[in-house]
Amino acid sequence: MTRLRLLAIILLIIIPLLFYMGVGAYHLFETGWTFYVWWPTALCFGTAYFLGWQVARRMKTKTDSHPGDPHWTDRDQFAWGMVQARVEKSADLDQEALTQPKFYYDTAEAIAKELSVVYQPGASDPVGPVTIPELLTVIELATRELHDRVRKYVPGSHLMTIDHWRKTQKAIGWMKHANNGYWVVSAVLNPVKTAARYLAAKTTLTPLQDRLQRGVINWFYAEFISDVGRYLIELYSGRLKVGAEKYRELQEQTIRADEGGGGASPEARPVTITVIGQVKAGKSSLINALLGERKAQTDVLPCTDTITEYVLKSSGLPATLHIMDSIGYSHEGADADQVDKTAEVVRQSDLVLLVGHARNAAKQADVNFVGALQNWFRTRPQYKIPPIMAVLTHADLLTPAMEWQPPYDWSAGIRPKEKSIRDAVGTARESFPDAANIVPACTAENRQWNVTEGVLAGVVNLLGEARGVAFLRCLDESANEDRVGKVFEQLWSLGKTAYTIFRERAGK
Amino acid sequence: MYPSWANLANLFAGRDQKFQAGIADARHRANMPVFWMLGRTQTGKTSVIHYLTGAPEAEIGNGFRPCTRYSREYPFPNPEAPLLNFLDTRGIDEPGYDPAEDLAQFNDKAHVIVVTVKALDHAQENLVRNLDTIRRAKPGRPVLLLLTCLHEAYPQKQHPTPYPFGSSLYPPNISVDLTRSIALQQDRFKTLVDDIIPIDLTKPEEGFAEPNYGGDALKQSILDHLPKAIRQTMLTLDAVTSEFRDESLRRAMPVIVSYSTLAAGAGAIPVPFIDMFLLPGIQAKMIADLATVYGQPLSAERFWEIASSLGAGVLARQAAREAIKIIPGVGSAAGAALAFGMTFALGRAFCIYYRAVCQGHVPDTGTLKRIFEEELGKASRFWKPGG
């Protein structure tokens, strides 16, 4: 009933306009002005075509350049590359097939097969070992994501039915037929002028219609492939063992925490940062400089012999930072136990700050430590190595040692000190090609430079990646801790059911 | 008299086995001090070499030649007639470093071990371990510990003057941080070293009023610990570099002293007449090298044309020297002194000749002869056999 009324109102508004259009068109035809009026119209259509093409292109690039999730390991990125290749190929697919639901199912199956080879190379039935709840989790997560996106990006999607979807295809077909009919009638009335206009319209109007239609459907298909691919990657990496709900919850806590903007939300998981370096490199001094107060004990002699945790909470920071002060290596007093302890803490952290003396190029011990860390992660492709940011302390001691007049523009400046800092960073870059960032600083009290604007800003920049590392680790932890409990729970309910059946039978 | 002086220089590079063996023997007898430098990179090893030799740091960097897997050497002023030799074990701080290879090569050669450690750097695990092994291989060999980069303890401040560490490592007027750090270093290295010298050799651009802070103490310590026999070279080098302030002379003098010392080594070979065969080659090479230092290879040949007139006198002296050698004990020392003096005088004569030519008048034979005699007299000041 409401629909009928709505239709009536729309018609009552449109009919007079349609009448004007008809009368106007007839008038233009009568006076022979059609020819002159056509040109501005063509200009409008041309502009519309250009804009439509731009929109379509942006939509395409948007899906193409999806970088993958920040917590992904190299193996995941490789698999993601295969998914992306499929997205790119989607533009050449038969448009008719894209409206068939079965096509989507087949595609999902094909992606699953393709990706399983990456994760289970050499297995005869790579898809076999996947559990049913895991597969259901993929479907649940992917469809939910797609659902959110369709609601957000496709206007009027909440009223759209499958029928509509099919009809979109047909509606465009009808429009073409109607168009053709119009041209035939016109041609009878005025053959010469019509021929000219037909040619012009063919080059502008028709491709625009095609493009818009293609854009929406292709976009939907590309999103579908991406979502299924993304969650298949999570599935094969064993990260869906925790179930869809727990997965989403952890994702909210870790990766998505800073998307809300502003300060750290209370439920956001803190980011753990471990500060490592050779003995006396200035780890504790850096921590004090970051905290803005003298909390970590510092001395001219080696003094940190335990791992200490400090908490940095600030309204300007998107997350609470837990900073771990580690034991310096390369010291004859530090035993293997302490070095192992530091390595263990580093493996458990989301971000690593490698502190080195700017004046000391003897970074061999650091290179070895980082190398050992990389090896540890290389043999465990399910984890992602935390990003490493190198901090070169004691920048004030660089040539000329007697001068200290910050601020220094070390990346482009021409003062001798600026050049020295640049050279020191360059040397460090050669030693640590994998470092995410290298920042010079001076952490000495009353000579501080580049701590907030350099080091802290660098940390914030890496938070996205650090959160990815945290997310992976949390998933692994909760999957392992729940596994025994889950089996027990299932056994218990199975036992209960069996007992009920047994009692019922016995009662009879 | 001396028909092919210039060609003699080629003997050095040549295939003449007998000559090469003779030169090697002469080098051995020239008592060249060999310093074995140990320390992490950027602890100031090159600065120490620069301070001791006066050679520009870039030249030192280019002059290093690899000798073992972990080490390189810098013969000063040149590989043919080195006056001082510096062995630099670069790999000392690498965890996989094994000193066995370097010990096999250097243990007999090295006279002094110079360990450089930044005063505030306490990451010395590898260094301490390897130094212990090296020390055990020859416990009697002096080991000097240089605590470098003192200014890092008092950033952007000038060094306390005068140099306070002359008599004690813990003078009253230095910062507490530095004192405590030095104490820890002393404790760490106490059984491994014979002397500890706090030092800060900086480049002029660092802006310190005293760029060679503690340099004198370093030199004194080296002289105190060098074996007597080879102390002489250090003293000679020190004497000539402090006497000649002129820039090109400062570069030429080490060359003259190095070949003269080599000649002295040849002179010390107790077999009569063998150095008569070696000396012309050594002297010819010296003149060729000096000409390169001055950037005028051609001037060497023109010098020989006049210098050949010196020949008669030189030869007569040489013959006398060979006769002395026959007297046991006295002979080789006197022979060495004379060979040093004649080579030294010849080198000095070339420098004076070259300067005169540059000023537009070519000295005649008589003038050159007078110069030669004068310089021969001076040479004894720089050469005191046996230290």
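Above this text you will find the structure in question.
Residues numbered from 1 in each chain as written. Chains lettered and ligands numbered in written order. Predicted model: local features only at pLDDT ≥ 70, side-chain atom pairs only at ≥ 80, totals over all residues. Heavy atoms only, no water.

Trainee: I keep staring at the overall build of chain B and nothing clicks. Help me out?
Mentor: Regarding its fold elements, chain B presents 15 helices and 9 strands. Across the 387 residues in chain B, those meeting the buried criterion constitute 54%. Only carbon and sulfur atoms are counted for the fraction: they give 55% of the accessible area of chain B, which is about 15,900 Å². (Helix = DSSP H or I, 4+ residues; strand = E, 2+ residues; numbered from the N terminus. Buried < 20%, exposed > 50% of the residue type's maximum accessible area, 1.4 Å probe, protein only. Areas by Shrake-Rupley, 256 points an atom, 1.4 Å probe, with all protein chains shown as cover.)

Trainee: Please clarify how the overall build of chain A should be interpreted in this entry.
Mentor: Counting its regular elements, chain A contains 14 helices and 6 strands. For chain A, buried positions account for 41% of its 508 residues. Sequence separation of at least 24 residues holds for 72% of the intrachain contacts in chain A that already meet a minimum separation of 6. For chain A, the computed accessible surface area is about 28,200 Å², with 61% contributed by carbon and sulfur atoms. (Contact = heavy atoms within 4.5 Å.)

Trainee: I'm lost on the packing of helix α2 (residues 17–29) of chain B against helix α10 (residues 247–267) of chain B in this one. Help?
Mentor: When two helices pack together, their arrangement is given by the angle between the helix axes and by the axis-to-axis distance. Residue and element names in this part refer to chain B. Between α2 and α10, the least distance of the axes is 7 Å, while the angle of their chain directions is 105 degrees. Considering their axes alone, α2 and α10 lie roughly perpendicular with respect to each other. Every residue of α10 that contacts α2 at Ile-23, Ala-26, Arg-27 and Arg-29 is listed here: Leu-262, Gly-265 and Ala-266. (Axes fitted to C-alpha atoms, helices over the stretch in contact; angles between N-to-C directions. Parallel < 35°, antiparallel > 145°, perpendicular 65-115°, else oblique.)

Trainee: Even after reading the chapter, I still don't get the sheet that holds strand β3 (residues 71–76) of chain B, so can you show me in this structure?
Mentor: Either a parallel or an antiparallel arrangement is found when strands of a sheet pair, and the pairing is made through backbone hydrogen bonds. Residues and elements named next belong to chain B. Taken in spatial order, the 7 strands line up as β2-β3-β4-β1-β5-β6-β7 in an open sheet, and their pairing is mixed. Only two strands of the sheet have a single partner each, and these edge strands are β2 (65–66) and β7 (195–198). Pairing of β2 with β3, which is carried by 2 bridges, proceeds in the antiparallel orientation. Among the inter-strand pairings, Arg-65 is bridged to a residue of β3, identified as Glu-73. (Pairing = 2+ DSSP bridges.)

Trainee: I tried to follow the pairing of strand β6 (residues 143–148) of chain B on my own but got confused; where do I start?
Mentor: Across a regular strand the side chains alternate sides, sitting on one face of the sheet and then on the other. Residue and element names in this part refer to chain B. In terms of residue burial, β6 counts as a mostly covered element, since 6 of its 6 residues are buried. Across the two faces of β6 the burial is the same, with Val-143, Leu-145 and Leu-147 and Leu-144, Leu-146 and Thr-148 all buried. Inspection of the sheet shows strand β5 (residues 112–118) paired to β6 by 6 bridges, in the parallel sense. Note that in β6 the partner of Val-115 across the bridge is Leu-145. Between the parallel elements β5 and β6, the chain passes through helix α6 (residues 125–137) in a crossover that is right-handed. (Right-handed = clockwise from strand over helix to strand, strands pointing away.)

Trainee: It is not clear to me how a nonpolar patch on the surface should be interpreted in this structure. Could you clarify?
Mentor: A cluster of nonpolar side chains, Leu-6, Ile-9, Ile-10, Ile-13, Ile-14, Leu-17, Leu-18, Phe-19, Tyr-20, Met-21 and Val-23 of chain A, forms an exposed patch at the surface whose accessible area comes to about 1,100 Å². For Leu-17 of chain A, the location among the structural elements is in helix α1 (residues 2–31). (Patch = residues over 30% accessible without salt bridge, like charges linked within 9 Å, V, L, I, M, F, W, Y side chains within 5 Å. Salt bridge = Lys/Arg side-chain N within 4 Å of Asp/Glu carboxyl O.)

Trainee: What is the right way to look at the packing of aromatic side chains in this model?
Mentor: How two aromatic rings sit relative to each other is given by the distance of their centres and the angle of their planes. Per the stated rule, a full pass over the model turns up 19 aromatic pairs over all chains. Arranged with centres 5.2 Å apart and planes meeting at 15 degrees, the rings of Phe-35 of chain B and Phe-86 of chain B form a pair that is stacked. Placement of the pair is Phe-35 of chain B in strand β1 (residues 34–39) and Phe-86 of chain B in strand β4 (residues 84–89), with a sequence separation of 51 residues. Like Phe-86 of chain B, Phe-35 of chain B is buried. Here Tyr-70 of chain B and Tyr-97 of chain B contribute two aromatic rings whose centre-to-centre distance is 5.0 Å and whose plane-to-plane angle is 85 degrees, an arrangement assigned as edge-to-face. Here Tyr-97 of chain B lies in the loop between β4 and α5 (100–106) and Tyr-70 of chain B lies in the loop between β2 and β3, a separation of 27 residues in the sequence. The burial state of Tyr-70 of chain B is the same as that of Tyr-97 of chain B; both residues are buried. One aromatic cluster in this structure is built from Phe-35, Phe-64, Tyr-74, Phe-76 and Phe-86 of chain B. Note that Arg-380 of chain A overlies the ring of Trp-376 of chain A, its terminal NZ or CZ placed 4.0 Å from the centroid. (Phe/Tyr/Trp six-rings, centres within 6.5 Å; stacked < 30°, edge-to-face > 60°. Lys NZ or Arg CZ within 6 Å of the ring centre and 35° of its normal.)

Trainee: How should I be thinking about α10 of chain B in this particular structure?
Mentor: Given 3.6 residues to a turn, an α-helix orients residues that are three or four positions apart in the same direction. Spanning 21 residues, α10 of chain B covers 30 Å between terminal C-alpha atoms, matching the ideal 30 Å at 1.5 Å per step. Burial analysis of α10 of chain B places 17 of its 21 residues in the buried class, the great majority of the element. (Expected span 1.5 Å × (residues − 1).)

Trainee: Even after reading the chapter, I still don't get the sheet that holds strand β2 (residues 308–312) of chain A, so can you show me in this structure?
Mentor: Residue and element names in this part refer to chain A. The strand order β2-β3-β1-β4-β5-β6 describes an open sheet built from 6 strands, whose pairing is mixed. Each edge of the open sheet carries a strand with a single partner, namely β2 and β6 (437–440). Each strand axis lies, on average, 25 degrees off the axis of its neighbour in the sheet, ignoring direction. One ladder, built from 5 bridges, connects strand β1 (residues 271–277) with strand β4 (residues 351–357); its direction is parallel. Bridge assignment links Ile-273 to a residue of β4, and that residue is Leu-351.

Trainee: Could you clarify how one ought to interpret the interface of chain B and chain A in this entry?
Mentor: One frequently used descriptor of interface size is the decrease in accessible area upon assembly of the parts. On the side of chain A, 28 residues touch chain B, which itself brings 28 residues to the contact. Per-residue buried area on chain B facing chain A is highest for Glu-125, Gln-156 and Glu-206 of chain B; these three make up 26% of the total on that side. Counting the contacts that link chain B with chain A gives 1 salt bridge. Note that Glu-206 of chain B and Arg-359 of chain A form a salt bridge whose closest N and O atoms lie 2.9 Å from each other. Seen at the junction of chain B and chain A, the total is 8 residue pairs in polar contact (both at pLDDT 80 or more). The dominant element in the side of chain B that touches chain A, judged by the number of residues it contributes, is helix α7 (residues 176–189) of chain B, at 5 residues. A per-class count over the side of chain B that touches chain A returns 6 nonpolar, 9 polar and 13 charged. (Buried area = accessible area lost by both parts, 1.4 Å probe. Polar contact = N/O pair within 3.5 Å; in protein donor to acceptor, adjacent residues only side chain to side chain. Nonpolar A, V, L, I, M, F, W, Y, C, P; charged D, E, K, R; others polar.)

Trainee: Looking at this structure, how should I read the environment of Tyr-294 of chain B?
Mentor: All names here are of chain B. Mapped onto the fold, Tyr-294 is located in the loop between α11 (274–293) and α12 (297–307). Accessibility expressed as a relative area gives 15% for Tyr-294, which makes it buried. C-alpha separation for the pair Tyr-294 and Ser-248, spaced 46 residues apart in sequence, amounts to 7.3 Å.

Trainee: Explanation requested: the side chain of Glu-73 of chain B in the structure shown.
Mentor: Residues and elements named next belong to chain B. Its location among the elements puts Glu-73 in strand β3. Separated by 2.9 Å, the side chains of Glu-73 and Asn-85 make a polar contact. With residues near it in sequence (within four places) discarded, Glu-73 still touches Gly-63, Phe-64, Arg-65, Cys-67, Asn-85, Phe-86, Leu-87 and Lys-109.

Trainee: How do you make sense of unusual backbone geometry when you look at a structure like this?
Mentor: Residues other than glycine predominantly adopt negative phi, and peptide bonds predominantly adopt the trans conformation. Residues and elements named next belong to chain A. Geometrically, the link from Thr-399 to Pro-400 is a cis peptide bond, its omega value of -10 degrees lying close to zero. Locating Pro-400 in the fold gives a position in the loop between β5 (388–393) and α12 (416–431). Positive phi values are uncommon outside glycine, yet Lys-280 reaches one of about 65 degrees. Relative to the helices and strands, Lys-280 is located in the loop between β1 and α9 (283–291). In this structure, His-394 takes a positive phi of about 60 degrees despite not being glycine. Tracing the sequence through the fold places His-394 in the loop between β5 and α12.

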